[in-house]
Amino acid sequence: MKYLSLFFACVILFFSCKKEEGNDPLPTVSNTPSIELVSTSATNINQFEDIEFSVKYRDGNGDLGESDADTKTIYVMDNRNTSIVHEFHLQPLAPLDKSFAIQGTLKINIENVILLDQANNSENATFSIYIRDREGNKSNTILSPSIKINK
(Lines give C-alpha, C1' and ligand atoms only; values in the text may rest on other atoms or scores of the structure.)
Protein backbone atom coordinates (compact mmCIF):
# COMPACT_ATOMS: atom_id res chain seq x y z
CA MET A 1 0.00 0.00 0.00
CA LYS A 2 2.89 2.31 0.81
CA TYR A 3 4.35 1.82 -2.72
CA LEU A 4 0.95 2.40 -4.31
CA SER A 5 0.56 5.71 -2.46
CA LEU A 6 4.07 6.73 -3.47
CA PHE A 7 3.32 5.80 -7.10
CA PHE A 8 0.13 7.93 -7.14
CA ALA A 9 1.96 10.83 -5.51
CA CYS A 10 4.64 10.68 -8.23
CA VAL A 11 2.01 10.53 -10.99
CA ILE A 12 0.12 13.50 -9.53
CA LEU A 13 3.36 15.44 -9.12
CA PHE A 14 4.42 14.64 -12.70
CA PHE A 15 1.13 15.77 -14.25
CA SER A 16 0.84 18.87 -12.07
CA CYS A 17 4.16 20.27 -13.26
CA LYS A 18 3.84 22.39 -16.36
CA LYS A 19 5.78 25.16 -17.99
CA GLU A 20 4.37 28.58 -17.22
CA GLU A 21 3.42 30.51 -20.30
CA GLY A 22 4.63 34.06 -20.81
CA ASN A 23 7.97 33.64 -19.10
CA ASP A 24 9.94 33.21 -22.31
CA PRO A 25 12.15 36.16 -23.23
CA LEU A 26 10.72 38.43 -25.92
CA PRO A 27 12.27 38.00 -29.35
CA THR A 28 14.98 40.51 -30.16
CA VAL A 29 13.83 43.41 -32.32
CA SER A 30 16.41 44.84 -34.72
CA ASN A 31 17.54 48.45 -34.35
CA THR A 32 17.05 48.73 -38.12
CA PRO A 33 13.39 49.57 -38.71
CA SER A 34 11.17 47.14 -40.56
CA ILE A 35 7.89 47.89 -42.30
CA GLU A 36 5.00 45.93 -43.75
CA LEU A 37 2.16 47.11 -45.98
CA VAL A 38 -1.15 46.62 -44.20
CA SER A 39 -3.50 48.16 -46.77
CA THR A 40 -3.94 50.53 -49.69
CA SER A 41 -6.99 52.80 -49.78
CA ALA A 42 -7.83 51.90 -53.40
CA THR A 43 -6.42 50.08 -56.41
CA ASN A 44 -8.53 51.94 -58.97
CA ILE A 45 -8.66 55.74 -58.78
CA ASN A 46 -9.34 58.75 -60.95
CA GLN A 47 -6.60 61.22 -61.73
CA PHE A 48 -6.14 63.86 -58.99
CA GLU A 49 -7.45 61.56 -56.26
CA ASP A 50 -5.37 60.57 -53.23
CA ILE A 51 -3.94 57.19 -52.27
CA GLU A 52 -3.41 56.27 -48.64
CA PHE A 53 -1.08 53.49 -47.52
CA SER A 54 -1.33 51.94 -44.09
CA VAL A 55 2.13 50.73 -43.03
CA LYS A 56 3.03 48.75 -39.93
CA TYR A 57 6.45 49.55 -38.44
CA ARG A 58 8.78 48.00 -35.84
CA ASP A 59 12.01 49.43 -34.48
CA GLY A 60 14.20 47.98 -31.74
CA ASN A 61 15.48 51.25 -30.28
CA GLY A 62 12.59 53.61 -31.05
CA ASP A 63 14.57 56.17 -33.02
CA LEU A 64 12.00 56.75 -35.74
CA GLY A 65 11.07 60.33 -36.54
CA GLU A 66 12.81 63.68 -36.31
CA SER A 67 12.10 66.79 -34.27
CA ASP A 68 13.19 69.03 -37.18
CA ALA A 69 10.14 69.37 -39.44
CA ASP A 70 12.41 69.94 -42.46
CA THR A 71 13.99 66.50 -42.11
CA LYS A 72 12.27 63.85 -44.22
CA THR A 73 12.29 60.20 -43.13
CA ILE A 74 9.49 58.53 -45.12
CA TYR A 75 10.07 57.94 -48.83
CA VAL A 76 7.50 56.83 -51.43
CA MET A 77 8.82 56.30 -54.97
CA ASP A 78 6.47 56.28 -57.95
CA ASN A 79 7.80 53.34 -59.96
CA ARG A 80 6.44 54.76 -63.23
CA ASN A 81 9.26 57.32 -63.00
CA THR A 82 11.79 56.62 -60.25
CA SER A 83 12.87 60.26 -60.11
CA ILE A 84 9.46 61.02 -58.54
CA VAL A 85 9.95 60.47 -54.82
CA HIS A 86 7.45 61.77 -52.28
CA GLU A 87 9.24 62.62 -49.03
CA PHE A 88 7.51 63.08 -45.69
CA HIS A 89 8.44 64.29 -42.25
CA LEU A 90 7.74 61.91 -39.37
CA GLN A 91 7.63 63.32 -35.87
CA PRO A 92 9.48 61.32 -33.18
CA LEU A 93 7.50 58.23 -32.24
CA ALA A 94 9.26 57.85 -28.86
CA PRO A 95 11.07 60.27 -26.54
CA LEU A 96 14.37 61.38 -28.07
CA ASP A 97 16.36 60.54 -24.92
CA LYS A 98 15.00 56.98 -24.56
CA SER A 99 15.78 53.72 -26.32
CA PHE A 100 13.15 50.98 -26.40
CA ALA A 101 11.33 48.87 -28.97
CA ILE A 102 8.32 50.43 -30.65
CA GLN A 103 5.74 49.31 -33.16
CA GLY A 104 2.62 50.79 -34.67
CA THR A 105 0.93 51.84 -37.87
CA LEU A 106 1.56 54.87 -40.06
CA LYS A 107 -0.83 56.40 -42.57
CA ILE A 108 0.97 57.76 -45.66
CA ASN A 109 -1.11 59.85 -48.04
CA ILE A 110 -0.08 60.64 -51.63
CA GLU A 111 -2.20 63.58 -52.81
CA ASN A 112 -3.40 64.32 -56.33
CA VAL A 113 -2.00 61.32 -58.17
CA ILE A 114 -1.80 62.12 -61.88
CA LEU A 115 -1.25 60.39 -65.20
CA LEU A 116 2.35 60.90 -66.21
CA ASP A 117 1.40 60.83 -69.89
CA GLN A 118 -1.76 62.88 -70.39
CA ALA A 119 -2.29 61.20 -73.78
CA ASN A 120 -3.15 57.99 -71.90
CA ASN A 121 -6.65 57.21 -70.67
CA SER A 122 -5.19 55.21 -67.78
CA GLU A 123 -1.91 54.05 -66.29
CA ASN A 124 -0.94 51.38 -63.80
CA ALA A 125 1.35 52.47 -61.00
CA THR A 126 3.13 50.83 -58.10
CA PHE A 127 4.87 52.61 -55.25
CA SER A 128 7.96 51.60 -53.26
CA ILE A 129 8.02 52.70 -49.62
CA TYR A 130 10.79 52.80 -47.02
CA ILE A 131 11.74 54.78 -43.92
CA ARG A 132 14.98 55.90 -42.26
CA ASP A 133 15.65 56.23 -38.55
CA ARG A 134 17.71 58.92 -36.80
CA GLU A 135 20.87 56.80 -37.09
CA GLY A 136 20.39 56.64 -40.86
CA ASN A 137 19.32 52.97 -40.91
CA LYS A 138 17.08 52.26 -43.90
CA SER A 139 14.16 49.89 -43.47
CA ASN A 140 13.23 47.21 -45.93
CA THR A 141 11.42 48.48 -49.03
CA ILE A 142 7.82 47.43 -49.56
CA LEU A 143 5.93 47.48 -52.85
CA SER A 144 2.32 48.54 -53.20
CA PRO A 145 -0.14 46.60 -55.29
CA SER A 146 -0.76 47.86 -58.81
CA ILE A 147 -3.00 50.93 -58.79
CA LYS A 148 -4.93 51.87 -61.91
CA ILE A 149 -5.13 55.64 -62.46
CA ASN A 150 -7.92 56.73 -64.83
CA LYS A 151 -8.35 60.00 -66.72
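Whatever comes next refers back to the structure up there.
Below or above, wherever it landed, is the structure these notes cover. The structure presented is a predicted model; accordingly, all values stated were derived computationally and were not measured. (Residues numbered from 1 in each chain as written. Predicted model: local features only at pLDDT ≥ 70, side-chain atom pairs only at ≥ 80, totals over all residues. Heavy atoms only, no water.)

Some words on the side chain of Glu66
And step 1. Tracing the backbone through its elements, the reader meets Glu66 in the loop between β3 (51–59) and β4 (74–78).
And step 2. Buried within the structure, Glu66 lacks any salt-bridge partner; its nearest side chain of opposite charge belongs to Arg134, at an N-O separation of 5.5 Å.
And step 3. In contact with Glu66, other than residues within four places in its own chain, are Thr71, Thr73, His89, Leu90, Gln91, Pro92 and Arg134. (Helix = DSSP H or I, 4+ residues; strand = E, 2+ residues; numbered from the N terminus. Buried < 20%, exposed > 50% of the residue type's maximum accessible area, 1.4 Å probe, protein only. Lys, Arg positive; Asp, Glu negative; His and termini not counted. Salt bridge = Lys/Arg side-chain N within 4 Å of Asp/Glu carboxyl O. Contact = heavy atoms within 4.5 Å.)

Here we look at the sheet that holds strand β7 (residues 122–125)
By way of backbone hydrogen bonds, the strands of a sheet pair with one another, either parallel or antiparallel.
And step 1. Read across the open sheet, the 3 strands follow the order β2-β10-β7; overall the sheet is mixed. Two strands bound the open sheet, and with one partner strand each, they are β2 (44–46) and β7. Across the sheet, the axes of successive neighbouring strands diverge by a mean angle of 25°, strand direction being ignored.
And step 2. Judged from the 3 bridges that link them, β2 and strand β10 (residues 147–150) form a sheet pairing that is parallel. Opposite Ile45, over in β10, you have Ile149 as the bridge partner. (Pairing = 2+ DSSP bridges. Axes fitted to C-alpha atoms, helices over the stretch in contact; angles between N-to-C directions.)

Observations regarding the pattern of salt bridges
And step 1. Applying the stated rule across the entire model yields 2 salt bridges.
And step 2. Put simply, Arg80 and Asp78 hold a salt bridge, and the shortest N to O gap is 2.6 Å.
And step 3. Assessed through its relative accessible area of 23%, Arg80 is described here as partly exposed.
And step 4. The exposure class assigned to Asp78 is buried, which follows from its relative accessible area of 3%.

What about the environment of Asp63?
And step 1. As for its position among the elements, Asp63 is in the loop between β3 and β4.
And step 2. Residue Asp63 is classed as buried on the basis of its relative accessible area, which comes to 6%.
And step 3. Remark: the alpha-carbon pair of Asp63 and Asp133, spanning 70 residues in sequence, is separated by 5.6 Å.
And step 4. Setting aside chain neighbours within four positions, we find Asp63 in contact with Asn31, Asp133, Arg134 and Glu135.

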